[in-house]
Amino acid sequence: MAERLPLVVANWKLNGDKVLLAEMIDALQAFESNEVETVVCPPFVYLNENTNGVKKGAQNIAEVESGAFTGEVSGRMLRDVGCQFVIIGHSERRAMYGETDAVVAKKVLATLHAGLVPIICVGESEQQREDEETIAVISKQIRAVLDDLPSYSDSLVFAYEPIWAIGTGKTATTEQAEEVHAEIRKVLASYNQELAQETRILYGGSVKPDNSKELFSSDNIDGGLIGGASLDVESFTTICKNAVA
Ligand code: PEP
């Protein structure tokens, strides 16, 4: 079994400020562990802040590198300010900003082209789960990305985020999450058997200090994408600690 370094990512969405960022950076520096990788994704405007070596990521990226695209931020610009990761295809962007699988695929290519790591979000709605379509929905979302890549990249990260669990307080049980993560790895393995074992698959959806340890102890859950709980320094650092085996 491949050793996968756990990854815990803070997705601040449209929240936070400079003060919270400074507090989070201090706490993550104090925590510093080589057994878990941690990343903070604040809104774009804070990405230029000095994070003293704490890794940072963006919550979005332009499909293109430059040009007349008012309001967009390119991968080259993100790299320029020291960004290393980009969250792509979050269900909020799919639902509120019309990001289709095709757009997500283009953004993944733009991210890789800029030398950044895409964190590709996939997940089903409550209705799709009730209709037993979870695996079909997720496979389609993953294949849309992988079919467009010239070859499987070892820097891909996936995040399974059931839509019904995001910001709702409803977490998938560890068994529910593990079942989907194992299926995701099977889909990845159909593209590249070896690299699929090295690809990190994060779980996201109401992860909190008290449910994170159990989730992260599951075989195919390699860390988390954390929304609400990442806005509290103590909660987020506890979740990061819980990712250490
Ligand atoms: C998210 O939006 O990526 C997320 C997982 O949010 P929350 O942790 O608040 O459910």
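So, a few notes on the structure that sits alongside this text.

How each quantity is defined
Residues numbered from 1 in each chain as written. Predicted model: local features only at pLDDT ≥ 70, side-chain atom pairs only at ≥ 80, totals over all residues. Heavy atoms only, no water. Helix = DSSP H or I, 4+ residues; strand = E, 2+ residues; numbered from the N terminus. Buried < 20%, exposed > 50% of the residue type's maximum accessible area, 1.4 Å probe, protein only. Core = buried A, V, L, I, M, F, W, Y, C linked by side-chain atoms within 4.5 Å. Near = heavy atom within 4 Å. Polar contact = N/O pair within 3.5 Å; in protein donor to acceptor, adjacent residues only side chain to side chain. Areas by Shrake-Rupley, 256 points an atom, 1.4 Å probe, with all protein chains shown as cover. Axes fitted to C-alpha atoms, helices over the stretch in contact; angles between N-to-C directions. Parallel < 35°, antiparallel > 145°, perpendicular 65-115°, else oblique. Left-handed = near helix turned anticlockwise from the far one by under 90°. Contact = heavy atoms within 4.5 Å. Nonpolar A, V, L, I, M, F, W, Y, C, P; charged D, E, K, R; others polar. Salt bridge = Lys/Arg side-chain N within 4 Å of Asp/Glu carboxyl O. Expected span 1.5 Å × (residues − 1). Lys, Arg positive; Asp, Glu negative; His and termini not counted.

### As for unusual backbone geometry
Right, on to step 1. Phi at Lys 13 is positive, roughly 55 degrees, even though this residue is not glycine.
Right, on to step 2. As for its position among the elements, Lys 13 is in the loop between strand 1 (7-11) and helix 1 (18-31).
Right, on to step 3. A positive phi angle is found at Glu 132, which is not glycine, with a value near 60 degrees.
Right, on to step 4. Mapped onto the secondary structure, Glu 132 falls in the loop between helix 5 (126-130) and helix 6 (134-146).
Right, on to step 5. Under the relative-accessibility criterion, Glu 132 is labelled exposed at 74%.

### Regarding the nonpolar core
Right, on to step 1. Membership of the largest hydrophobic core comes to 62 residues, with the highest contact counts inside it found for Val 8, Ile 142, Ile 184, Leu 188 and Tyr 203.
Right, on to step 2. Counting residues in each nonpolar core, the second largest holds 13 residues, with Val 39, Ile 87, Val 157 and Leu 202 among its members.

### Some thoughts on the site of the ligand
Right, on to step 1. Close to the ligand lie 14 residues; Lys 13, His 90, Glu 161, Gly 167 and Ser 206 are nearest.
Right, on to step 2. One nitrogen or oxygen atom from the main chain of Gly 167 is found 2.7 Å from an oxygen atom belonging to the ligand.
Right, on to step 3. Measuring from an oxygen atom of the ligand, one finds a backbone N or O atom of Gly 227 at 2.9 Å.
Right, on to step 4. Relative to its free-state accessible area of 290 Å², the ligand is covered by the protein chains to the extent of 97%.

### Quick word on the packing of helix 9 (residues 209-216) against helix 10 (residues 233-242)
Right, on to step 1. For the pair helix 9 and helix 10, interaxial distance at closest approach is 8 Å and the crossing angle is 20 degrees. Considering the angle they form, helix 9 stands roughly parallel to helix 10. Considering how the two elements wind past one another, helix 9 and helix 10 form a crossing that is right-handed. Taken together, the residues of helix 10 that come into contact with helix 9 (itself represented by Pro 209, Ser 212, Lys 213 and Phe 216) are Ser 235, Thr 238, Ile 239 and Asn 242.
Right, on to step 2. Tallied by class, the residues present in the contact of helix 9 with helix 10 amount to 3 nonpolar, 4 polar and 1 charged.

### Description of the pattern of salt bridges
Right, on to step 1. Tallying each qualifying case throughout the model produces 13 salt bridges.
Right, on to step 2. A salt bridge links Lys 13 to Glu 92; the nearest nitrogen and oxygen atoms lie 2.8 Å apart. With Lys 13 in the loop between strand 1 and helix 1 and Glu 92 in helix 3 (residues 91-96), this pair connects stretches of sequence that are 79 residues apart.
Right, on to step 3. The exposure class assigned to Glu 92 is partly exposed, which follows from its relative accessible area of 25%.
Right, on to step 4. Taking the shortest distance from any N to any O, the salt bridge between Lys 107 and Glu 99 comes out at 2.7 Å. Judged on exposure class, the residue Lys 107 and its partner Glu 99 are both buried.

### A look at the packing of helix 6 against helix 7 (residues 174-189)
Right, on to step 1. At a minimum axis distance of 10 Å, the contact between helix 6 and helix 7 shows a crossing angle of 35 degrees. Read as a crossing pair, helix 6 and helix 7 show a hand that is right-handed. Across the interface between the two elements, Thr 134, Ile 135, Ile 138, Ser 139, Ile 142, Arg 143 and Leu 146 of helix 6 pack against Val 180, Glu 183, Ile 184, Val 187 and Leu 188 of helix 7.
Right, on to step 2. Of the residues that constitute the contact of helix 6 with helix 7, the class distribution is 8 nonpolar, 2 polar and 2 charged.

### Describing helix 4 (residues 101-113)
Right, on to step 1. The first and last C-alpha atoms of helix 4 sit 18 Å apart over 13 residues, in line with the 18 Å expected at 1.5 Å per residue.
Right, on to step 2. Where helix 4 is concerned, the buried positions are Asp 101, Val 103, Val 104, Ala 105, Lys 107, Val 108, Ala 110 and Thr 111.
Right, on to step 3. Looking at the packing, one finds that the buried side of helix 4 touches strand 4 (85-88), helix 3, strand 5 (117-122) and helix 6.
Right, on to step 4. At the C-terminal side of helix 4, Gly 115 shows a positive phi close to 80 degrees.

### Let's talk about the side chain of Glu 161
Right, on to step 1. Here Glu 161 lies in the loop between strand 6 (157-160) and helix 7.
Right, on to step 2. Lys 13 is the oppositely charged side chain nearest to the buried, salt-bridge-free Glu 161, at an N-O distance of 6.7 Å.
Right, on to step 3. For Glu 161, the side chain forms a polar contact with the side chain of His 90, separated by 3.3 Å.
Right, on to step 4. When near neighbours in sequence (up to four residues on either side) are disregarded, Glu 161 contacts His 90, Cys 121, Val 122, Gly 123, Glu 124, Ile 166, Gly 204, Gly 205 and Leu 225.

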